[in-house]
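Coordinate inspection notes
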Amino acid sequence: MVHTLYNTLKEFDSGTGTGAFYSLPQLGQALKLKLERLPVSIRLILESVLRNYDDLKITRTHIEQLANWKPNAIRTEEIPFVVARVVLQDFTGVPLLADIAAMRDVAKQMGQDPKSIEPLVPVDLVVDHSVQVDYFRRKDALDLNMKLEFQRNQERYQFMKWGMQAFDTFRVVPPGIGIVHQVNLEYFARGVHQKKDLTDPRHNAIYYPDTLVGTDSHTTMINGIGVIGWGVGGIEAEAAMLGQPVYLLTPDVIGFELKGQLREGLTATDLVLTVTELLRKEKVVGTFVEFFGEGAASIAVPDRATISNMAPEYGATMGFFPVDDKTIEYFENTGRTPQEIDAFRNYFKAQHLYGMPAAGQIDYTRIVTLDLATVTPSLAGPKRPQDRIELGQMKQTFTELFSKPITENGFSKDNSVLDQAYKTGDGLPIKNGDILIAAITSCTNTSNPSVLLAAGLLAKKAVEMGLSVAPHIKTSLAPGSRVVTEYLNATGLTPYLEKLGFTLAAYGCTTCIGNAGDLTPALNEAIIQHDLVAAAVLSGNRNFEARIHPNLRANFLASPPLVVAYAIAGTVMRDLMTEPLGQGKGKDGKVRDIYLGDIWPSSHEIHQLLKVALNAEVFKKNYAQLTQKGDLWSKIEGTEGQTYNWPKSTYIAQPPFFTDFRMQPAAHQTSVKGARALGIFGDSVTTDHISPAGAIKETSPAGLWLQKNGVLKADFNSYGSRRGNHEIMMRGTFANVRIKNLMVPLQADGTRVEGGITLHQPSSELLSIYDAAMRYIDEGVPTIVFGGEEYGTGSSRDWAAKGTQLLGVKAVIACSFERIHRSNLVGMGVLPLQFMSGVSAQTLNLQGDESFDLEDFEHIKPQQHVTLTIHRANGVLQRVPLLLRIDTPIEVDYYQHGGILPFVLRSLLTH
């Protein structure tokens, strides 16, 4: 709807004519505010709020509150943010599509047109999470892995094909194209959008900035080109698709000043691991981080995107870089049209949003500074991405962690066995610290030509010096875009990577998401038999427990060239700064020790090849034909029609969230009485712990259900691929093989039992968490989950909240929550409650045999106090105050409707 509020509808030269836009400079004049002092990210959201003003969902008050943003105000105000588009990956996109299909079923049952349930903004789904590295170190690995992918996922792909014909604004990018975030960066993002409005005859189109949310936490990668966007759960994304604003508390904005420049030989990965460590210590969870300064201006867009990508790892909502000349240069190099680029540049200049801010120009909540010259070669691990390790400390750190207790991030092993050699069943010697997976993978680094070219150059020098990679190490190359293959081929580096085992295995999110494929049975058997701490190195962003492979306990994030180097070394028990990688030939042809410094590429060598990597014509050609007639995708046939027929499938099932749906919501619970603890967990419980994405264990509730339904172990696929079936996902909730429930007594040796088990009360029977939850539901007993600090960090996995709800959990009580997971719990009608500072399940000495009451939330207000009454087994009562983490007024509505999906459905069917 066109409006002229504050006389802000103005004209500008789009480069091809006159365009209209909602002017922030004019808004500043009208409100007598210096908007140019606001962070750039806040101003871009302000533009959306101004443009979408309708005096219903978005009012003058919303506009004026945000325009009056103060760096250190108390944050109580809610921003209704309407996004331009939504992006999905297939693991999260399939259950989202299933939910919307189920909404259409409800519309039809109520005698309404199913088409009333339709995405109101463009939606792009990229199929990038389904491929696994089953085949590797062979020329035909890509072809074989894709054929297997289609064979495994045919039912899911048929469902997507139905979605493409049923919904007008729903587009699917098929398998084998790339990773969603790299495709988003290289292709989807257009800088500015334009929309014709027939109610305003004066202008051809209204221009507005590209903004989005995505169902993957690393959606923030798009912040590297000045686009506002972040990851949300599928639950929130559905609401955004169906016309709801994304609601957020007005954020703090942390200014991150970059000074100086990186030293010779340093990579973007080293920089991003340093930034991640620094910002985790700064506690930036839930804030916007906005980069500025000369150092930020000097960084190329792929390096900016690498830093932005890791925002979930440092905990921020965004890691934002403003638009400047480097952004425009990237758009030119990746094949955007001159008309698009002119409109992009001219629009941002008209809004006074163009250029990298210098020190002192903007008012931030606080400022963090990093001198780029202080960055050192780094890895991160073995269990969390924020645990940076300097390259020279790697061997020593692993040695120390080997014997440190689990509570200190260690492995609680006896140092006397650290160097002991064992033999697999097929005679291969294996030790603790041996690298068994080395993968150039993930959206973070495979979008960055500088580090991929560095990996190729290092491989070239290594091969020329006679170095090799042991054949038992599972090596793979899985780029985020087909363009990567083009420039590795064009620079002649592909054959050298292949000689070291890094053959092209897939275009997609493989090892980083848990799709590394399996190790050999002999390796698995030896690891389990001897309780070995074996390792993986990957150029990814996630290394949480059991994510990469259930049997690999030490997983290290590294730059692509370091991944290749460690694959050659074969172990993390070698100091690459002082010890040789292996034996090879020097320039004189004599056999000698070869060190990392002998094969590390120089910045000059990398820059010489960069012009080949950024070739606009290659990008245009790649994205001109996303599918080819006769390929595997075009042969998939989906059903026709506006509603789905839900054929019998172990992949796709009609979601249970709208069973017995009524237009009037049921009265919401005002107290919880006699609840039992389903689980008591420690710090840093991730969404991987709550809702795994990797392999399904045969003996797990999900594995047993699949077998009962005629699925062989070889066809289990992964939890991620089966997210369209709630029967699998609720059985997989809290089923991670490494999760530790503190209710379960210690083992005889003092270590914690691992896996998704609990004690049912009052029977004290040891059961899987799923079986205990079902028994509690049958008994009519509500349940509560307890957690520590940073509960729900990691991937923005909606099933971590959906599964929690389906297990009958009424509340999650934790010391602190990760942003997306807290929001998702509210979105599913589960209460997120927070202990007061200094209080935890441990300080309260909770054993798991207590019962609990929750009171004082009859009339819910955001962030009110709630009372937890603990009934101890010895009869003692204790009352503990908690903070209700329903943070905003709209979240109160969501909770009272039983969740965001029933709320949105009622809204759509009413109108």
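Before reading further, recall that the structure is shown in the block above.
Quick summary incoming for the structure in this document. (Residues numbered from 1 in each chain as written. Predicted model: local features only at pLDDT ≥ 70, side-chain atom pairs only at ≥ 80, totals over all residues. Heavy atoms only, no water.)

By secondary structure assignment, the location of T334 is in the loop between α13 (325-333) and α14 (338-350). The class of T334 is buried, set by a relative accessible area of 3%. Separated by 280 residues in the primary sequence, T334 and L614 have C-alpha atoms spaced 6.6 Å apart. Those residues in contact with T334, other than ones at most four positions away along the chain, are E186, A616 and F619. Side-chain polar atoms of T334 contact the backbone oxygen of Y330, separated by 2.7 Å. (Helix = DSSP H or I, 4+ residues; strand = E, 2+ residues; numbered from the N terminus. Buried < 20%, exposed > 50% of the residue type's maximum accessible area, 1.4 Å probe, protein only. Contact = heavy atoms within 4.5 Å. Polar contact = N/O pair within 3.5 Å; in protein donor to acceptor, adjacent residues only side chain to side chain.)

With that settled, the discussion passes to the side chain of T758. Considering the arrangement of structural elements, one finds T758 in strand β27 (residues 757-760). Relative accessible area serves as the criterion here: at 0%, T758 is assigned to the buried category. Of note is the side chain of T758, whose polar atom sits 2.8 Å from the backbone oxygen of L678. With sequence-adjacent residues up to four places away left out, T758 is seen in contact with L678, N741, M743, V744, E765, L766, L767, S768, I769 and A772.

Among the nonpolar cores identified, the biggest contains 258 residues, and W230, F786 and L854 are the most heavily contacted of them. It is helix α4 (residues 90-109) that provides the largest number of residues to this core, a total of 10 residues. What F786 contacts, discounting residues up to four positions off in sequence, is A677, G679, I680, F681, I813, F835, A841, L846, F852 and L868. In this structure, A296, M310, A316 and F321 belong to the second largest nonpolar core, which totals 44 residues. (Core = buried A, V, L, I, M, F, W, Y, C linked by side-chain atoms within 4.5 Å.)

With eight of nine residues buried, helix α7 (residues 180-188) lies mostly within the body of the structure. Taken together, the buried positions of α7 are occupied by V180, H181, Q182, V183, N184, L185, E186 and F188.

Moving on to the pattern of salt bridges. The final tally for this structure, using the stated rule, is 45 salt bridges. Measuring nitrogen to oxygen at the nearest pair gives 2.4 Å for the salt bridge that ties D124 to R171. Of this pair, D124 sits in strand β5 (residues 123-126) while R171 is found in strand β6 (residues 170-173), placing the two residues 47 residues apart along the sequence. Its salt-bridge partner being E790, residue R280 comes within 3.2 Å of it at the nearest N-O pair. Placement of the pair is R280 in helix α9 (residues 268-281) and E790 in the loop between β29 (783-786) and α29 (798-806), with a sequence separation of 510 residues. Taking the relative accessible area as the measure of exposure, R280 reaches 14% and is therefore buried. Overall, the relative accessible area of 23% leaves E790 in the partly exposed class. One continuous salt-bridge network, built from bridges that share partners, spans K383, E545, R738, K740 and E754. (Salt bridge = Lys/Arg side-chain N within 4 Å of Asp/Glu carboxyl O.)

Evaluated as defined, the whole model comprises 30 aromatic pairs. Centroid distance Y644 to W646: 5.1 Å. Interplanar angle 90°. Geometry classified as edge-to-face. Since its relative accessible area comes to 16%, W646 is described here as buried. Within the aromatic cluster, the residues linked to one another by ring pairs are F12, F21, Y207, F331, F344, Y347 and F348. The lysine or arginine in question, R60, covers the ring of Y6, its NZ or CZ lying 5.4 Å from the ring centre. Lying across the ring of F331, R336 places its NZ or CZ 4.3 Å from the centre. (Phe/Tyr/Trp six-rings, centres within 6.5 Å; stacked < 30°, edge-to-face > 60°. Lys NZ or Arg CZ within 6 Å of the ring centre and 35° of its normal.)

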